[in-house]
Amino acid sequence: MSQLDDLLKKIDERSFTVGVIGLGYVGLPLLWTFHQAGLLVIGFDIDQSKVDDLKNGTPYIKHLGTEMMEVLAASDKADATTDFSRLNEADAILLCVPTPLDKHREPDMSYVEKTTETVSKYLRKGQLVILESTTWPGTTEELMIPILEKNSGLKAGTDFYVAYSPEREDPGNPNFNTAKIPKVVGGHGEEALKLATAMYDTAIVQTVPVSDCKTAEAVKLTENIFRSVNIALVNELKVVYEAMDIDVHEVLDAAATKPFGFMKFTPGPGLGGHCIPIDPFYLTWKAREFEKHTRFIELAGEVNTNMPTYVVDRTMHALNTHKKAMNGSKILVIGLAYKPDVDDMRESPTFKIFDLLKAKGAEISYYDPFIPEIWETREYAEYTGMQTVQWNKETVSGFDAVLISTNHSTIDYDELAEWSECIIDTRNAMNGIEAKNENHIFKA
């Protein structure tokens, strides 16, 4: 029996072990999905607290709930560790590590490089290595494979297999979890594609094989560029229609009744999350190598990046109608998470809004029922340890203005309307709630 046939047999018999590096918003659901399919799973992370929580059944990503963690902790088919020498126990190694932008808005591949270096130290014949992190087309074959081959002395496609399959997580979406979202797969050679497809087929509703790794890498970028450009469009329309005294949300809701030729996107205070604010610039960066310009992408980025400034300008206008200056005003920002009903604050535009408000002399506080305290981040370390205020009339009414940055469904917006005299709404959360007067609720 060939090496490939042996691995395919192990997958079929559910004796195949999947190792997942990075137990965050992508890696943890992926680990759970393979566990539910009956495969053996090992989670790897440099954060000891995540490993301890996984072993103890303690949830650290709220929207994933407690049951998943308790089941993983009690299972003899699941384990977690900070000991990366155990990578040789895995038949497949899936990399789910960050790919942020650096301060020059260029790809920071340090996490992928360092993790690949670690994998190469323990790589053995017959293993499958898959990158799931979003990146520029060519990363898997131009960056990862040379590191794996050089440090291990093994040959990709002969001794071990390499593939790319982009994550498609949407944290907090009740309709689509990891198992229900089709998986695009590109392999470094036909055998790698066949093996990766067979593995994902055990746990995912559908696999979508493409011709190679760089095509799969391009698929992920295209999905998020599409969203970025269309969100920029409605953000720009929001600014234009506001000047014309037209409600952009009413326009979009009405346009969405057209059963063809229109897809609704929603404006907001700026982009957040691990994909849309970052991924388009990976293609922009790579395109320069081919002397190509990505004007749509760059224009969309410019529009979306400027939205926090627009929100702060609207906040200043709202305060002015109450004969108050921004300097010295107490402002409560509702929602630190980048999207409703999750505790995920990666790339949240709220942080940029914080900075802009503070620069104009405002005193800022926040309320977020999902994030009681701000943990340390790479970009906004100065807010580490800041805690949410309490949700009650005495607290909320003590602010000069309330700015809704994220529209969590657990918030009572009728109470907010009663308690606050000045509300700036970036999410249409106050839609349908009657304003006390013309200077009560402002859309931004």
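It should be emphasised that the depicted structure is a prediction, and the values quoted were computed from it without experimental measurement.

Caption draft 1: Spatial organisation of the nonpolar core. The biggest cluster of nonpolar side chains holds 42 residues, and the ones touching the most others in it are Val18, Phe34, Leu94, Leu128 and Met199. The dominant element in this core, judged by the number of residues it contributes, is helix α7 (residues 190-201), at six residues. Contacts of phenylalanine 34, omitting those with residues within four sequence positions, involve Val18, Leu39, Val41, Leu94, Met199, Tyr200, Thr202 and Ala203.

Caption draft 2: Region of the structure containing the sheet that holds strand β11 (residues 401-404). Across the sheet, which stays open at both edges, the five strands sit in the order β10-β9-β11-β12-β13 with parallel pairing between neighbours. Strands with a single pairing partner mark the edges of an open sheet, and in this sheet they are β10 (363-367) and β13 (441-443). Neighbour-to-neighbour, the strand axes of this sheet turn through a mean angle of 25°, independent of strand direction. In this structure, β11 lies alongside strand β12 (residues 423-425), joined through three bridges in parallel fashion. In the strand pairing of β12, leucine 403 is matched with isoleucine 424. Contacts between helix α13 (residues 349-359) and the sheet are confined to β9 (330-334), β10 and β11, with β10 contributing the most and set at about 155° to the helix.

Caption draft 3: Spotlight on the pairing of strand β7 (residues 183-187). The buried fraction of β7 amounts to five of the five residues, a majority that puts the element mostly inside the structure. Burial along β7 is two-sided: the face carrying Lys183, Val185 and Gly187 and the face carrying Val184 and Gly186 are both buried. Looking at chain direction, strand β6 (residues 161-164) and β7 are connected through two bridges and run antiparallel. Paired with tyrosine 164 across the strands is glycine 186, a residue of β7. The parallel pair β7 and strand β8 (residues 207-210), bridged by α7, forms a crossover whose chirality is right-handed.

Caption draft 4: Representation of empty space enclosed by the protein in the model. One pass over the structure, following the stated rule, counts one cavity of 30 Å³ or more. Considering the residues around the largest cavity, the lining is formed by Val26, Leu30, Glu132, Glu167, Arg168, Glu169, Thr178, Ile181, Pro182 and Lys183.

Caption draft 5: Seen up close, the pairing of strand β2 (residues 40-44). With respect to burial, β2 is a largely interior element, four of its five residues being buried. Bridge analysis of strand β1 (residues 17-21) against β2 gives five bridges, and the strand direction is parallel. Bridging across to β2, valine 20 finds its partner in glycine 43. In this view, the connection linking β1 to its parallel neighbour β2 by way of helix α2 (residues 27-36) has right-handed handedness. In the sheet, β2 pairs with strand β3 (residues 78-81) via four bridges, with the strands oriented parallel. Bridge assignment links valine 41 to a residue of β3, and that residue is alanine 78.

Conventions and cut-offs
- Residues numbered from 1 in each chain as written.
- Predicted model: local features only at pLDDT ≥ 70, side-chain atom pairs only at ≥ 80, totals over all residues.
- Heavy atoms only, no water.
- Core = buried A, V, L, I, M, F, W, Y, C linked by side-chain atoms within 4.5 Å.
- Buried < 20%, exposed > 50% of the residue type's maximum accessible area, 1.4 Å probe, protein only.
- Helix = DSSP H or I, 4+ residues; strand = E, 2+ residues; numbered from the N terminus.
- Contact = heavy atoms within 4.5 Å.
- Pairing = 2+ DSSP bridges.
- Axes fitted to C-alpha atoms, helices over the stretch in contact; angles between N-to-C directions.
- Right-handed = clockwise from strand over helix to strand, strands pointing away.
- 1 Å grid on protein atoms, 1.4 Å probe; cavity = no way out; pocket = protein on both sides within 12 Å on 5 of 7 lines; lining within 4 Å.
- Points joined across faces, edges and corners; volume = space filled by probe spheres on them.

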